[in-house]
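Below are the chains, spelled out letter by letter.
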Protein chains: 2
Amino acid sequence: MKNLLISHGGAPTAVINASLAGVIIELRKEGFDGKIFAARFGSKGLYNEDFIDLTNVTDKELDLLKKTSGTAIGSSRFPLGDKEYEKIVDNLVKNNIGYLLFTGGNGSMDGLGKIYKHAKARNVDVACVGIPKTIDNDIAVTDHAPGFPSAARYMAATIRDCWQDVRGLPIHCVIIEAMGRNAGWLTASSALAREETNDAPQLLYFPEVAFDEEEFLKDVKRCYDTYGGFIVVASEGIHDKNGTPICTSKESTSRSSYFGEVAVYLSELVTNKLGIKCRGEKPGIIARSCSYEQSPIDRKEAIMVGKAAAKAVLKEKNGVMVGIKRISNKPYRSKTFLVPIEEVMLTEAKMPLKYIAKNNHDITPEFVDWLKPLIGELPKGITFVNKK
Amino acid sequence: MKNLLISHGGAPTAVINASLAGVIIELRKEGFDGKIFAARFGSKGLYNEDFIDLTNVTDKELDLLKKTSGTAIGSSRFPLGDKEYEKIVDNLVKNNIGYLLFTGGNGSMDGLGKIYKHAKARNVDVACVGIPKTIDNDIAVTDHAPGFPSAARYMAATIRDCWQDVRGLPIHCVIIEAMGRNAGWLTASSALAREETNDAPQLLYFPEVAFDEEEFLKDVKRCYDTYGGFIVVASEGIHDKNGTPICTSKESTSRSSYFGEVAVYLSELVTNKLGIKCRGEKPGIIARSCSYEQSPIDRKEAIMVGKAAAKAVLKEKNGVMVGIKRISNKPYRSKTFLVPIEEVMLTEAKMPLKYIAKNNHDITPEFVDWLKPLIGELPKGITFVNKK
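Basis of the calculations
- Residues numbered from 1 in each chain as written.
- Chains lettered and ligands numbered in written order.
- Predicted model: local features only at pLDDT ≥ 70, side-chain atom pairs only at ≥ 80, totals over all residues.
- Heavy atoms only, no water.
- Helix = DSSP H or I, 4+ residues; strand = E, 2+ residues; numbered from the N terminus.
- Rg over C-alpha atoms; globule rule 2.2 N^0.38 Å.
- Contact = heavy atoms within 4.5 Å.
- Buried < 20%, exposed > 50% of the residue type's maximum accessible area, 1.4 Å probe, protein only.
- Pairing = 2+ DSSP bridges.
- Expected span 1.5 Å × (residues − 1).
- Arc of directions from axis to C-beta.
- Polar contact = N/O pair within 3.5 Å; in protein donor to acceptor, adjacent residues only side chain to side chain.
- Least-squares fit on C-alpha atoms with pLDDT ≥ 70 in both.
- Salt bridge = Lys/Arg side-chain N within 4 Å of Asp/Glu carboxyl O.
- Phe/Tyr/Trp six-rings, centres within 6.5 Å; stacked < 30°, edge-to-face > 60°.
- Lys NZ or Arg CZ within 6 Å of the ring centre and 35° of its normal.
- Buried area = accessible area lost by both parts, 1.4 Å probe.
- Nonpolar A, V, L, I, M, F, W, Y, C, P; charged D, E, K, R; others polar.
- Axes fitted to C-alpha atoms, helices over the stretch in contact; angles between N-to-C directions.
- Parallel < 35°, antiparallel > 145°, perpendicular 65-115°, else oblique.
- Left-handed = near helix turned anticlockwise from the far one by under 90°.
- Core = buried A, V, L, I, M, F, W, Y, C linked by side-chain atoms within 4.5 Å.
- Domains from an automatic or database assignment.

### Focus on the overall build of chain A
Part 1 of the reasoning: Scanning chain A from N- to C-terminus turns up twelve helices and eleven strands.
Part 2 of the reasoning: For chain A, whose C-alpha radius of gyration is 22 Å, the value lies close to the compact-globule estimate of 21 Å for 388 residues.
Part 3 of the reasoning: For chain A, the C-alpha atoms occupy an extent of roughly 70 × 45 × 30 Å along the three principal directions.
Part 4 of the reasoning: The long-range fraction of contacts in chain A, counting pairs at least 24 apart against all pairs at least 6 apart in sequence, stands at 76%.

### Details of the pairing of strand E9 (residues 278–281) of chain A
Where a strand is regular, its side chains alternate between the two sheet faces.
Residues and elements named next belong to chain A.
Part 1 of the reasoning: Of the two faces of E9, both are covered, the one formed by Cys278 and Gly280 as well as the one formed by Arg279 and Glu281.
Part 2 of the reasoning: Relative to E9, strand E6 (residues 173–178) runs parallel, the two being bridged by four bridges. Bridging across to E9, Ile175 finds its partner in Gly280.

### Some words on the side chain of A:Asp219
Residue and element names in this part refer to chain A.
Part 1 of the reasoning: Structurally, the position occupied by Asp219 is in helix H8 (residues 213–227).
Part 2 of the reasoning: Judged by its relative accessible area of 10%, Asp219 is buried.
Part 3 of the reasoning: What Asp219 contacts, discounting residues up to four positions off in sequence, is Leu203, Tyr205 and His361.

### Here we look at helix H8 (residues 213–227) of chain B
All names here are of chain B.
Part 1 of the reasoning: With 15 residues, H8 ought to run about 21 Å at 1.5 Å a step, and its terminal C-alpha atoms sit 21 Å apart, in line with that.
Part 2 of the reasoning: If you check which residues of H8 are buried, you get Phe216, Leu217, Asp219, Val220 and Cys223. For H8, the buried positions fall inside an angular range of 160° around the axis, keeping them on one side. Exposed residues on H8 whose side chains face more than 90 degrees from its buried face are Glu214, Lys218, Asp225 and Thr226.
Part 3 of the reasoning: Elements that come into contact with the buried residues of H8 comprise strand E6 (173–178), strand E7 (203–205), strand E8 (230–235) and helix H9 (262–274).
Part 4 of the reasoning: One side-chain oxygen of the residue at the start of H8 lies 3.0 Å from the amide nitrogen of Glu214, identifying that residue as Asp212.
Part 5 of the reasoning: Where H8 terminates, the next one or two residues include Gly228, which has phi positive at roughly 80°.

### What to know about the relation of the copies chain A and chain B
Part 1 of the reasoning: After a rotation of 180° and a shift along the axis of 0.0 Å, chain A superposes on chain B with an RMSD of 0.0 Å. Taken together, the turn and the small shift mark the pair as related by a two-fold rotation axis.
Part 2 of the reasoning: A high fraction, 100%, of the interface residues of chain A reappear at the interface in chain B, so the copies pair face to face through one surface.

### Let's talk about the pattern of salt bridges
Part 1 of the reasoning: One pass over the structure, following the stated rule, counts 40 salt bridges over all chains.
Part 2 of the reasoning: Among the ionic pairs, B:Arg288 bridges to A:Asp165, the shortest N-O distance being 2.7 Å. One end of the pair, B:Arg288, is in helix H10 (residues 285–289); the other, A:Asp165, is in helix H6 (residues 148–168), on a second chain.
Part 3 of the reasoning: What makes B:Arg288 buried here is its relative accessible area of 8%.

### So, the side chain of A:Ser75
Part 1 of the reasoning: Looking at where A:Ser75 falls in the secondary structure, it is placed in the loop between helix H3 (59–67) and helix H4 (82–94).
Part 2 of the reasoning: Not counting residues within four places of it along the chain, the set of residues in contact with A:Ser75 comprises A:His8, A:Gly9, A:Gly10, A:Phe41, A:Gly42, B:Gly168, B:Leu169 and B:Pro170.

### Section: the packing of aromatic side chains
Part 1 of the reasoning: What the rule picks out here adds up to 31 aromatic pairs over all chains.
Part 2 of the reasoning: Where B:Trp185 meets B:Tyr355, the ring centres are 6.0 Å apart and the plane angle is 65°; that geometry is what we call edge-to-face. Of this pair, B:Trp185 sits in helix H7 (residues 185–189) while B:Tyr355 sits in the loop between strand E11 (332–340) and helix H12 (365–375); the two residues are 170 residues apart in sequence, bridging distant segments of the chain.
Part 3 of the reasoning: Overall, the relative accessible area of 5% leaves B:Trp185 in the buried class.
Part 4 of the reasoning: Its relative accessible area of 7% is what places B:Tyr355 among the buried residues.
Part 5 of the reasoning: Between B:Tyr355 and B:Phe367 the ring centres are 5.4 Å apart and the planes differ by 65°, which places this aromatic pair in the edge-to-face class. Here B:Phe367 lies in helix H12 and B:Tyr355 lies in the loop between E11 and H12, a separation of twelve residues in the sequence.
Part 6 of the reasoning: Overall, B:Phe367 belongs to the buried group, its relative accessible area being 0%.
Part 7 of the reasoning: Through a chain of ring-to-ring contacts, the aromatic side chains of A:Phe148, A:Trp185, A:Tyr355, A:Phe367 and A:Trp370 assemble into a single cluster.
Part 8 of the reasoning: Here the basic side chain of A:Lys87 rests over the ring of A:Tyr47, its NZ or CZ set 4.4 Å away from the ring centre.

### Considering the interface of chain A and chain B
Part 1 of the reasoning: With 76 residues of chain A at the contact, the number on the chain B side is 76 residues.
Part 2 of the reasoning: Buried area between chain A and chain B, both sides added, is near 6,400 Å², and the carbon and sulfur share of it is 57%.
Part 3 of the reasoning: At the boundary of chain A with chain B, the tally comes to four salt bridges.
Part 4 of the reasoning: Seen at the junction of chain A and chain B, the total is 29 residue pairs in polar contact (both at pLDDT 80 or more).
Part 5 of the reasoning: Put simply, the parts of the chain that give the side of chain A that touches chain B at least two residues each are strand E3 (51–53), H3, H6, helix H9 (262–274), E9 and helix H10 (285–289) of chain A.
Part 6 of the reasoning: Examining the composition of the side of chain A that touches chain B, we find that ten residues originate from one element, H6(A), more than from any other.
Part 7 of the reasoning: For the side of chain A that touches chain B, the residue count by class is 30 nonpolar, 25 polar and 21 charged.

### Looking at the packing of H4(A) against helix H5 (residues 106–121) of chain A
Residues and elements named next belong to chain A.
Part 1 of the reasoning: With their axes 9 Å apart at the nearest point, H4 and H5 run at an angle of 70° to one another. If you check the angle between H4 and H5, you find them roughly perpendicular. Of the two elements, H4 crosses H5, and the hand of that crossing is right-handed. Where H4 abuts H5, its residues Asp82, Tyr85, Glu86, Ile88, Val89 and Leu92 lie against Gly111, Lys114, Ile115, His118 and Ala119.
Part 2 of the reasoning: Counted by class, the contact of H4 with H5 contains six nonpolar, two polar and three charged residues.

### Points about the packing of H8(A) against H9(A)
All names here are of chain A.
Part 1 of the reasoning: Taken N-terminus to C-terminus, the directions of H8 and H9 make an angle of 70°; their axes are 11 Å apart at the nearest point. In terms of their interaxial angle, H8 and H9 are classed as roughly perpendicular. Within the contact between the two elements, H8 uses Glu213, Phe216, Leu217, Val220 and Lys221 and H9 uses Tyr265, Leu266, Leu269, Val270, Lys273 and Leu274.
Part 2 of the reasoning: When the residues that make up the contact of H8 with H9 are grouped by side-chain class, the tally is eight nonpolar, no polar and three charged.

### Examining the nonpolar core
Part 1 of the reasoning: If you look at the biggest cluster of nonpolar residues, it comprises 156 residues, and the most contacted ones within it are A:Leu54, A:Ile231, A:Phe367, B:Leu54, B:Ile231 and B:Phe367.
Part 2 of the reasoning: Sequence-distant contacts of A:Phe367, that is, excluding residues within four places in its chain, are made with A:Trp185, A:Ala188, A:Ser189, A:Leu192, A:Met351 and A:Tyr355.

### Some details on the domain arrangement of chain A
Residues and elements named next belong to chain A.
Part 1 of the reasoning: Examined at the domain level, chain A breaks down into domain 1 (3–146 + 294–343) and domain 2 (148–291 + 350–375).
Part 2 of the reasoning: For domain 1 versus domain 2, the separation of C-alpha centres amounts to 32 Å.
Part 3 of the reasoning: Counting residues at the interface gives 23 residues for domain 1 and 19 residues for domain 2.
Part 4 of the reasoning: Counting each side, the surface lost to burial between domain 1 and domain 2 is near 1,800 Å², with a carbon and sulfur contribution of 54%.

### What to know about helix H1 (residues 16–29) of chain A
Residue and element names in this part refer to chain A.
Part 1 of the reasoning: Here H1 is 14 residues long and its end C-alpha atoms lie 20 Å apart, about the 20 Å a rise of 1.5 Å per residue gives.
Part 2 of the reasoning: Among the residues of H1, Ile16, Asn17, Ala18, Ser19, Leu20, Ala21, Gly22, Val23, Ile24, Glu26 and Leu27 are the ones counted as buried.
Part 3 of the reasoning: Contacts from the buried residues of H1 go to strand E1 (3–8), strand E2 (36–39), H3, strand E4 (97–104), strand E5 (127–132) and helix H11 (296–314).

### Examining the pairing of strand E10 (residues 320–329) of chain A
All names here are of chain A.
Part 1 of the reasoning: Of all ten residues making up E10, seven are buried, and the element is well covered by its neighbours.
Part 2 of the reasoning: Summarising the sheet, E5 and E10 pair through two bridges and their orientation is parallel. Residue pairing across strands places Val129 opposite Val320, the latter belonging to E10.
Part 3 of the reasoning: Two successive antiparallel strands, E10 and strand E11 (residues 332–340), enclose a turn made up of two residues.

Given below as structure tokens:
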């Protein structure tokens, strides 16, 4: 009997562990009797032959996996080249791995595709199946990827709560920085916070459209005159019309691997140019690791894609990733399908421009329709400040 | 029959509305048949005679008040002087207000005390009772104040989740900025995130002790060598041994009303001086407005102090604030008592040094014992990364 190995790649999400739980549940259901190994810290563990034996995880552990954010088996950004791929194939052979699962985004699918090719070239028989995962929602072909709906829910729920704070004490402009350096999905998601038309966020700034400082200041001034207190959500990746990130000149971008401090930059701009009190907040990794804002649908689908991947890999499906297809929106229903990995490898799905409003700083009703079922219901709030 | 007026002061919390619900519930129970007014936007509404009539709020609205963060009636930082206090007393007389409740922190209790004195000097008969509220936990005399336990729970739950992220992908030092510019209660609270001794936060920096850059860098280097990825929590108010905030020289402090960007400053320091990848995150107002991390005990006590204030004011108690007294810790039980407002007015309760560990960057077991019952149980997580 061959063994199975699963590896996580890239940044964790709120539900990547739920997919792992789905894999194990399905393997047991199918009566899989090989070992279930996990690569400790992703590609690093693959390369170093450092595996965690998950064959005997308990039901209680499976239940905790469904709810725990982050990655329980570890991930890494360990760079892989031909030498490393060859060593990984050696390790697969050595450990009698017949089934290899990778949970990750574009980069991980690229890595899986390359292992698949290296194995094939050496006639090593290992079925390779990918499980999508991203908070940025930038994986091609699939309707969306697990991890994104929970991060989107976090943004919407957080802005809704912050609006209760800001509308009650309207003394400042609050700028909140959203993750997603090339794709504005999470920035856009914050708009689902609104219960009424004039609720926060009042302004949104996406990486898909060029940022214009003059326009921004005009918009902020207008919101200040209208609301007194209001919320702006800006992507960490906003840039000017030449593609230059808007805060490259700041000392903070000396951290080359991260983008600049957009919330700090914009809040200083507002205070210095307009004399308006402004705070900049940055949830950062809090947004992707928040377990209490797991979207129920996201958890369910994360388990579903894990199960589908286990089923596919046992059937010796090869060089494919599990995708999510939306069957209907009201009521929301989805199913899995298999995509050739080549269609996914390093292809980045940006947010379609049809989801960005003509004024460039809001979303369209189409986007609300698309996202709403994925994040689930948000708690309603109450206010009397506008009461006669 | 005289009417009642309630006003909110200072920054909102996750449970200030729960106290408002408590007030209304108790007034109805006592058969109060005057009008229940709220000052729209706090002292601004008091001064402008801008009141919201809450006499007929529904049970559904009361239920939503218990759960909604922020302030449903609004608050302000409107400055009050003798002229304003006289006008406010005029407005009380004009609207037949016999009962005045203020929910707020030290500043609000100071305001309430002054209204009380101005009214007394003019022989205006108005009973004045304060309801404590703060996220910083800096109100004197009371064991703690509603709002703080929920913000503390937010810090603990958030760091627990972030640790799942960072331990699984240990590629950076993550510095998280905590609110509380003069008191380290919220910074300290993040330590309740730990399930095991070596869990995050690995380092804590309080405003109660002088910050030493050299020591900080040494501690960070040591944690980096031990953990690879780890979490530092630093108060927005950390300062050097001369009392100078550690990032005054930054452009960001041009926003005079807010402290500098401590997380940005420290993360740049780590990257520039040690060459270690570092992210700085700042939940900011997200931490105080988060409704999904309302502590169950905090909500219960917020309602309890609201009820106690209504009961006291109807009994014509005057110039007092409701405090919380801890009766027992295991099981946790508390009750209300009345404190003369003079004992509270503008007196700031710092965190006792007994709660700070000798190394200056951790808390003591005593602090854990004190805080644990207030934040309630946190969800447990699971990890296999250290599994053999």
